[in-house]
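Architecture at a glance
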Amino acid sequence: MKITKAIIPAAGLGTRLLPATKAIPKEMLPIINVPAIQLIVEEAVKSGIKDILIVVSQAKNPIIDHFDYNYELQHRLIKKNKKELAIMVKKIGDIANIQFVRQKEPLGLGHAIKCGKIFCGNDPFAVILGDDVVKNPPNEKPALKQCIDAFIQTNSCVVGIQEIEKKMVSKYGIVLPKNKQNETEKIFALKGLIEKPPIAKATSNYAILGRYVLTSDIFKALEETKTDQSGEIQLTNALKILIKKGKKINACRFTGKRYDLGSKIGLVAATIDYALDDQEIKNDIIKLIKEKVNKFNK
Ligand code: G1P
């Protein structure tokens, strides 16, 4: 079995990064010179995904433009003898078969996934969230591929998780492992899930971090999912319905450094780490950081 379809929800408002996100989608904010959503799409493609549906909202047209050709820019770059840049710009338009759909109302992640019902049909599919960029070293499988392999190995739905600090649980979907003793394994079965619980109600320290591999019965579960207190339909609650119906759902503890790009600290951390991997600027960045640290230590 192969997973070749992915949904990338990108309709959120990006309130934590205002005013930057007033006119620019948060997914278009760059990690150095690459928009975050391009990193997400590249991870999907490296994981074997061929067809991508990006769920956008009204203010997200720059995302659509980014994955289109820009003939005028390509033409001007060639005229200026910058053929390599022209090729790079065109390649973004060829990266995958990307389609777009608009989520007309901000009714939550579950509602955004529902917009992909026709795109997915009966096929299993992956979901990657634009906020959660994961950096894997070149010799390691991308986080999504690790989750896809877990899906194929177990023949059941998978949520990608990592351990987080207890005080952070109220920001994430938190899983409840079926057997405590198996928690050290990379893949383990789940008994339940809870969306953004208060610390006292958190069933573990394992948070769902923006990677899912799902079967098409999630769409029926989403139809049955009630809106939460904020008026949103949560994907976590639809997964809970599937578990209640006896469906097996596993957690895959993926490896890689994850950045929350919806937050200031996540954006800065990702920028520093990607800069330290960029041979063109690496040495200058190290020098700059050293200078700053020395200044603070004085
Ligand atoms: C969403 C999900 C949550 C998940 C998180 C990961 O929340 O609802 O379960 O843990 O993404 O980033 P959001 O951050 O969109 O509110």
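Here the structure is shown first, and the text comes after it.
First things first, this report covers the structure right here in the doc. (Residues numbered from 1 in each chain as written. Predicted model: local features only at pLDDT ≥ 70, side-chain atom pairs only at ≥ 80, totals over all residues. Heavy atoms only, no water.)

As a further point, take the overall build of the chain. A tally of regular secondary structure across the chain gives eleven helices and 13 strands. Its C-alpha radius of gyration of 20 Å places the chain within 12% of the 19 Å reference for a compact globule of 298 residues. Referenced to the eigenvectors of the C-alpha coordinate spread, the extents of the chain come out at roughly 60 × 55 × 35 Å. Looking at the 298 residues of the chain, the share that counts as buried comes to 47%. For the chain, restricting intrachain contacts to residue pairs at least 6 apart in sequence, the fraction spanning at least 24 positions comes to 76%. For the chain, the accessible area works out to roughly 16100 Å², and carbon and sulfur atoms hold 55% of it. The chain carries 49 positive and 32 negative side-chain charges, and their two centres are separated by 2 Å. (Helix = DSSP H or I, 4+ residues; strand = E, 2+ residues; numbered from the N terminus. Rg over C-alpha atoms; globule rule 2.2 N^0.38 Å. Buried < 20%, exposed > 50% of the residue type's maximum accessible area, 1.4 Å probe, protein only. Contact = heavy atoms within 4.5 Å. Areas by Shrake-Rupley, 256 points an atom, 1.4 Å probe, with all protein chains shown as cover. Lys, Arg positive; Asp, Glu negative; His and termini not counted. Charge placed at Lys NZ, Arg CZ, Asp CG, Glu CD.)

In the structure shown here, the tally under the stated rule is four aromatic pairs. Ring plane angle 20 degrees and centroid distance 5.4 Å describe the contact between Phe125 and Phe219, whose orientation is recorded as stacked. Remark: Phe219 occurs in helix H8 (residues 218-224) and Phe125 occurs in strand E6 (residues 125-128); sequence separation between them is 94 residues. Of the two residues, Phe125 and Phe219, both sit in the buried class. Its end group placed over the ring of Phe119, Lys5 keeps NZ or CZ at 5.7 Å from the ring centre. Lying across the ring of Tyr274, Lys135 places its NZ or CZ 5.2 Å from the centre. (Phe/Tyr/Trp six-rings, centres within 6.5 Å; stacked < 30°, edge-to-face > 60°. Lys NZ or Arg CZ within 6 Å of the ring centre and 35° of its normal.)

Turning next to the side chain of Ser204. When you line up the elements, Ser204 lands in the loop between strand E10 (187-195) and strand E11 (206-214). There is a polar contact of 2.6 Å between the side chain of Ser204 and the backbone oxygen of Val175. Only 3.0 Å separates the side chain of Ser204 from the backbone nitrogen of Tyr206, close enough to count as a polar contact. The contacts of Ser204, once residues within four sequence positions are left out, are Lys166, Val169, Ile174, Val175 and Pro177. (Polar contact = N/O pair within 3.5 Å; in protein donor to acceptor, adjacent residues only side chain to side chain.)

Ile37, Ile49, Ile52 and Ile54 are the most contacted members of the largest nonpolar core, which has 50 residues in total. Secondary structure elements with two or more residues in this core: strand E1 (5-9), helix H1 (36-46), strand E4 (51-56), E6, strand E7 (132-135), helix H7 (143-154), E11 and helix H10 (264-276). Ignoring any residue separated from it by four or fewer positions in sequence, one finds Ile52 in contact with Ala6, Ile8, Val41, Ala44, Ala96, Asn97, Ile98, Gln99 and Phe119. Counting 34 residues, the second largest nonpolar core, distinct from the first, contains Leu129, Tyr212, Leu235 and Ile241. (Core = buried A, V, L, I, M, F, W, Y, C linked by side-chain atoms within 4.5 Å.)

Another point: the packing of H10 against helix H11 (residues 282-297). It is the contact of H10 with H11, at a shortest axis distance of 8 Å, that shows an interaxial angle of 130 degrees. On the basis of their axis angle, the class for H10 and H11 is oblique. Touching Ile272, Ala275 and Leu276 of H10 are Lys282, Ile285, Ile286 and Ile289, all from H11. By residue class, the composition of the contact of H10 with H11 is six nonpolar, no polar and one charged. (Axes fitted to C-alpha atoms, helices over the stretch in contact; angles between N-to-C directions. Parallel < 35°, antiparallel > 145°, perpendicular 65-115°, else oblique. Nonpolar A, V, L, I, M, F, W, Y, C, P; charged D, E, K, R; others polar.)

The next subject is the site of the ligand. All residues adjacent to the ligand are Leu109, Leu129, Asp132, Tyr172, Gly173, Glu195, Lys196, Ile208, Tyr212, Gln234, Thr236 and Arg258. Here Ile208 contributes a backbone N or O atom positioned 2.6 Å from an oxygen atom of the ligand. In isolation the ligand offers 380 Å² of accessible surface; the protein chains occlude 79% of this area. For the ligand, the cavity whose grid points lie within 2 Å of the majority of its atoms is the largest pocket. Across the shell around the ligand, the residue classes break down as five nonpolar, three polar and four charged. (Near = heavy atom within 4 Å. 1 Å grid on protein atoms, 1.4 Å probe; cavity = no way out; pocket = protein on both sides within 12 Å on 5 of 7 lines; lining within 4 Å. Sits in = over half its atoms within 2 Å of the grid points.)

Volume-wise, the largest pocket comes out at about 1200 Å³. The wall of the largest pocket is formed by 43 residues, among which Gly12, Lys26, Leu109, Asp131 and Lys196 lie closest to the centre. Every element with two or more residues in the lining of the largest pocket is listed here: helix H5 (109-114), E11, helix H9 (235-244) and strand E13 (257-260). Broken down by element, the residue count for the lining of the largest pocket peaks at four residues, all from E11. Tallied by class, the residues present in the lining of the largest pocket amount to 16 nonpolar, 13 polar and 14 charged. Looking at the second largest pocket, its volume works out to about 550 Å³. (Points joined across faces, edges and corners; volume = space filled by probe spheres on them.)

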